[in-house]
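# Inside the fold
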Amino acid sequence: GERAGIGVAGAENSARSAYTKVLQNNPTSPLPYMGLAQLDLAGKNEVDARKNLESAIAIKPDFAAAHFLLSQIHARANDLVKAEQHATAVVQIAPEDSIGWYNLGTIFYTIGNNQNAALALERAVTLNKDYANALFLLGLSYERLGRHEEALTSLMFVAKSNPGDKNLAELITKLEAGQDLVAPLQ
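Reference entry: report on the structure contained in this document.

### Description of the pattern of salt bridges
By the definition in use, this model includes eight salt bridges. When the shortest N-O distance is used, the salt bridge between Arg 76 and Glu 46 registers 2.7 Å. One end of the pair, Arg 76, is in helix α4 (residues 64–76); the other, Glu 46, is in helix α3 (residues 46–59), with 30 residues separating them in the sequence. The salt bridge involving Glu 54 is made with Arg 50; its shortest N-O contact spans 3.8 Å. Note that Glu 54 and Arg 50 are positioned in helix α3 at a spacing of four residues, about one turn of the helix. The partly exposed category is assigned to Arg 50, whose relative accessible area is 29%. Overlapping salt bridges bring together Glu 122, Arg 147 and Glu 150 as one network.

Printed below as a string of structure tokens:
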């Protein structure tokens, strides 16, 4: 078992030194910073990952993947203002990316901006009709907005592709009975 651990650490070190060499030879390439950030994230080092992603964006401001990872790091750190800024950058750079719209919708939903959450999630679902996670959160956003019929439609669509999901079935039953799913935000 010990050898495997050493192998992983060795692989990470050699990957790091390879990226560092590429940086020395190509200081204007954002890709080595992205590679280093991914190694940092794999090692649960979000501070260094954030620095490397910010370096990548300093070189290439329209680097959607770097903005996406930064939005996730900031969201996990509960810095939802920065998370929203980077998530917004992703959908501006890559407007056809359903995952980017879902990410933005999730952040809006988390901060209670239900109108914008619904708009972002509608866009994700327009781009990917079977996006169950986006449809689910869209249903919850509609419910928060008092759009009960649309909430029910979205959740029932998700239930079709997840027939064994007991929690989902319960939510639908509550909605059909006219019960509120979520406590209103104060």
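Okay, back to it.
### Notes on the nonpolar core
One broad rule of soluble globular proteins: the nonpolar side chains tend to lie buried together. Formed by 30 residues in total, the largest nonpolar core has its most connected members in Trp 101, Leu 104, Leu 121, Ala 134 and Leu 138. At the level of secondary structure, the elements contributing two or more residues to this core comprise α5 (80–93), α6 (98–111), α7 (114–127), α8 (132–144), α9 (148–161) and α10 (166–176). Among all residues touching Leu 138, those that are not within four sequence positions of it are Ala 118, Leu 121, Glu 122, Val 125 and Ser 154. Within the second largest apolar cluster, 12 residues are counted, among which are Met 34, Leu 41, Leu 53 and Ile 57.

Quick notes on the rules
- Residues numbered from 1 in each chain as written.
- Predicted model: local features only at pLDDT ≥ 70, side-chain atom pairs only at ≥ 80, totals over all residues.
- Heavy atoms only, no water.
- Salt bridge = Lys/Arg side-chain N within 4 Å of Asp/Glu carboxyl O.
- Helix = DSSP H or I, 4+ residues; strand = E, 2+ residues; numbered from the N terminus.
- Buried < 20%, exposed > 50% of the residue type's maximum accessible area, 1.4 Å probe, protein only.
- Core = buried A, V, L, I, M, F, W, Y, C linked by side-chain atoms within 4.5 Å.
- Contact = heavy atoms within 4.5 Å.

On their own, these measurements won't tell you what the molecule is for.
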